[in-house]
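Now for the letters of each chain:
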Amino acid sequence: MTRTSRPNPRRTRPTRYVRGRPVPTRRPPSRSRSVLAGAVGLAIVGASLMVVAIATDTFGVGLKWQHVMNRVDRFLAGPVPTRSTPPTVLVTEPPLDSPSPTPFPTLSLIPGESPPPTPPPTPKPTPPPKRVAMDVDIVAHPDRVFVSELQSDWCAVAGVQTVLAILGKENTSDSTQREIAGRIHEWDAYSDSHNGEWGPAAMALALKAYGVPGYEVRAFQTRTGALRDAAVAIEKTHSPVLLLAWRGAHTWVMTGYRGDGDPAIFRNVRIDGAYILDPWYPRISSIWGPSNPPGTFTQADEMQANFLPWKRPEGSYPDRDGLWITVAPTKPRSGTG
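All values reported here derive from a predicted model rather than from experimental measurement.

## What about the overall build of the protein chain?
And then number 1: If you tally the helices and strands in the protein chain, you get eight helices and ten strands.
And then number 2: Taking all 337 residues of the protein chain together, the buried fraction comes to 36%.
And then number 3: A fraction of 68% describes how many contacts in the protein chain between residues 6 or more apart in sequence connect residues 24 or more apart.
And then number 4: Summed over all atoms, the accessible surface of the protein chain reaches about 21700 Å², with 57% contributed by carbon and sulfur.

Structure (structure tokens):
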């Protein structure tokens, strides 16, 4: 009988040690790389937030960015030219009352003299026209012709575009407004705007370039005189008037008025207010408050608070300082907006 031997559990094979390959380990990123990666990430996030802030004008960032871009554009365009531009016409307001006609003197005869010829009969005075209250607005549908400024400093551009739309010369699209804004360097002049932006003379030139000649920059010593003249211009030409509000910093489009008589006939008419299209709408100004919807009748107290004499921070304008400025039509036209 064969006897099978069992392995001795105590007997073990000698252990072999095999030298293995070292396990590769990743080196921790250096501090400079971490800082660089963080900086790049923050830059991307910051740029994204900046784009959103500019687009939504968060905390006024969009407005400040526009001002920066305007300065860059002005710098690239070079100094403001000193070329000639339409002048500002100072309008002297006529006296409220006309002098009464001088009556014929009473003749007395000296004894022995022949009587003088009989004076011609005094013509019967024409009865004065009847004075009635006036309510005039040449724009029947202001929403169809109103243009809101795309940028906070494009009120003059939007005002010009609104006038062109009222007179049937242009549309109210954003592309048209950008086109008009891009042509400012064709019309700017130092005497009109020291900083090379839109002045009232540039508005008159822009209107002429787009088919509406005859607008004139006018200056008045009183607000009442400026509004009476604007009311007469609207009646005679059937065209709107541009008012330089906020001491010359803003543009309003006046399309009508209310008064206690016809200012074209009665020189002492009281203007109770005006129909205004404000390109600032629907914004709210931190200084001047909210703007009114297009075509709102703006009463006298609000006109007094907004339509103020010219005073600009960039320097002196001898023919405008302290005066009320308008851009008024002089050529009659037909049709309404």
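Now, onward.
## What about the packing of aromatic side chains?
And then number 1: Per the stated rule, a full pass over the model turns up six aromatic pairs.
And then number 2: Here the aromatic rings of Trp246 and Trp288 are separated by 5.3 Å at their centres, their planes lie at 5°, and the arrangement is stacked. Here the residue Trp246 occupies a position in the loop between strand S4 (241-245) and strand S5 (250-259), and Trp288 occupies one in the loop between strand S7 (284-285) and strand S8 (289-290), the gap between them amounting to 42 residues.
And then number 3: Every member of this aromatic cluster is reached through a ring pair, and the members are Trp246, Trp280 and Trp288.
And then number 4: The side chain of Arg258 reaches across the aromatic face of Phe297, ending 3.8 Å from its centre.
And then number 5: Arg320 extends its terminal NZ or CZ atom over the ring of Trp310, reaching a point 5.0 Å from the ring centre.

## A look at the environment of Lys236
And then number 1: Mapped onto the secondary structure, Lys236 falls in helix H7 (residues 223-237).
And then number 2: As for Lys236 and Pro332, which are separated by 96 residues in sequence, their C-alpha atoms are 6.2 Å apart.

## Some details on the layout of surface pockets
And then number 1: Computed from the structure, the second largest pocket encloses a volume of approximately 360 Å³.
And then number 2: Every residue lining the second largest pocket is counted, 16 residues in all, and those nearest its centre are Pro94, Arg228, Asp229, Val232 and Pro263.
And then number 3: Tallied by class, residues from the lining of the second largest pocket come to nine nonpolar, two polar and five charged.

## Some remarks on unusual backbone geometry
And then number 1: Cis geometry is adopted by the peptide bond preceding Pro282, which originates at Tyr281 and carries an omega value of 10°.
And then number 2: Of note in the backbone geometry, His238 takes a positive phi value of approximately 60° without being a glycine.
And then number 3: Considering the arrangement of structural elements, one finds His238 in the loop between H7 and S4.
And then number 4: With relative accessibility at 25%, the residue His238 sits in the partly exposed group.
And then number 5: Although it is not a glycine, Arg247 adopts a positive phi angle of roughly 60°.
And then number 6: Given the relative accessible area of 34%, Arg247 is considered partly exposed.

## Comments concerning a nonpolar patch on the surface
And then number 1: Residues Leu36, Val40 and Ile44 make up a contiguous nonpolar surface patch of roughly 290 Å² in combined accessible area.
And then number 2: For Ile44, the location among the structural elements is in helix H1 (residues 31-56).

## Examining the environment of Trp324
And then number 1: Mapping Trp324 onto the fold places it in strand S10 (residues 324-329).
And then number 2: Residue classification places Trp324 among the buried residues on the basis of a relative accessible area of 12%.
And then number 3: Between the C-alpha atom of Trp324 and that of Leu244, which follows or precedes it by 80 residues, the distance is 7.5 Å.
And then number 4: Not counting chain neighbours up to four residues away, the residues in contact with Trp324 comprise Arg218, Ala219, Phe220, Gln221, Thr222, Arg223, Ala226, Phe307, Leu308 and Pro309.
And then number 5: Here Phe307 takes part through its backbone oxygen, which lies 3.1 Å from a polar atom of the side chain of Trp324.

## Re the packing of helix H4 (residues 155-166) against helix H5 (residues 174-181)
And then number 1: At a minimum axis separation of 9 Å, H4 and H5 run at an interaxial angle of 120°. Taken together, the axis directions place H4 and H5 in an arrangement best described as oblique. Considering the relative orientation of H4 and H5, their crossing is right-handed. Between H4 and H5, the contacting residues are Val157, Ala158, Gln161 and Leu164 on the first element and Thr176, Gln177, Ile180 and Ala181 on the second.
And then number 2: Residue composition of the contact of H4 with H5, by class: five nonpolar, three polar and no charged.

Here is what the cut-offs are and how they apply
Residues numbered from 1 in each chain as written. Predicted model: local features only at pLDDT ≥ 70, side-chain atom pairs only at ≥ 80, totals over all residues. Heavy atoms only, no water. Helix = DSSP H or I, 4+ residues; strand = E, 2+ residues; numbered from the N terminus. Buried < 20%, exposed > 50% of the residue type's maximum accessible area, 1.4 Å probe, protein only. Contact = heavy atoms within 4.5 Å. Areas by Shrake-Rupley, 256 points an atom, 1.4 Å probe, with all protein chains shown as cover. Phe/Tyr/Trp six-rings, centres within 6.5 Å; stacked < 30°, edge-to-face > 60°. Lys NZ or Arg CZ within 6 Å of the ring centre and 35° of its normal. 1 Å grid on protein atoms, 1.4 Å probe; cavity = no way out; pocket = protein on both sides within 12 Å on 5 of 7 lines; lining within 4 Å. Points joined across faces, edges and corners; volume = space filled by probe spheres on them. Nonpolar A, V, L, I, M, F, W, Y, C, P; charged D, E, K, R; others polar. Patch = residues over 30% accessible without salt bridge, like charges linked within 9 Å, V, L, I, M, F, W, Y side chains within 5 Å. Salt bridge = Lys/Arg side-chain N within 4 Å of Asp/Glu carboxyl O. Polar contact = N/O pair within 3.5 Å; in protein donor to acceptor, adjacent residues only side chain to side chain. Axes fitted to C-alpha atoms, helices over the stretch in contact; angles between N-to-C directions. Parallel < 35°, antiparallel > 145°, perpendicular 65-115°, else oblique. Left-handed = near helix turned anticlockwise from the far one by under 90°.

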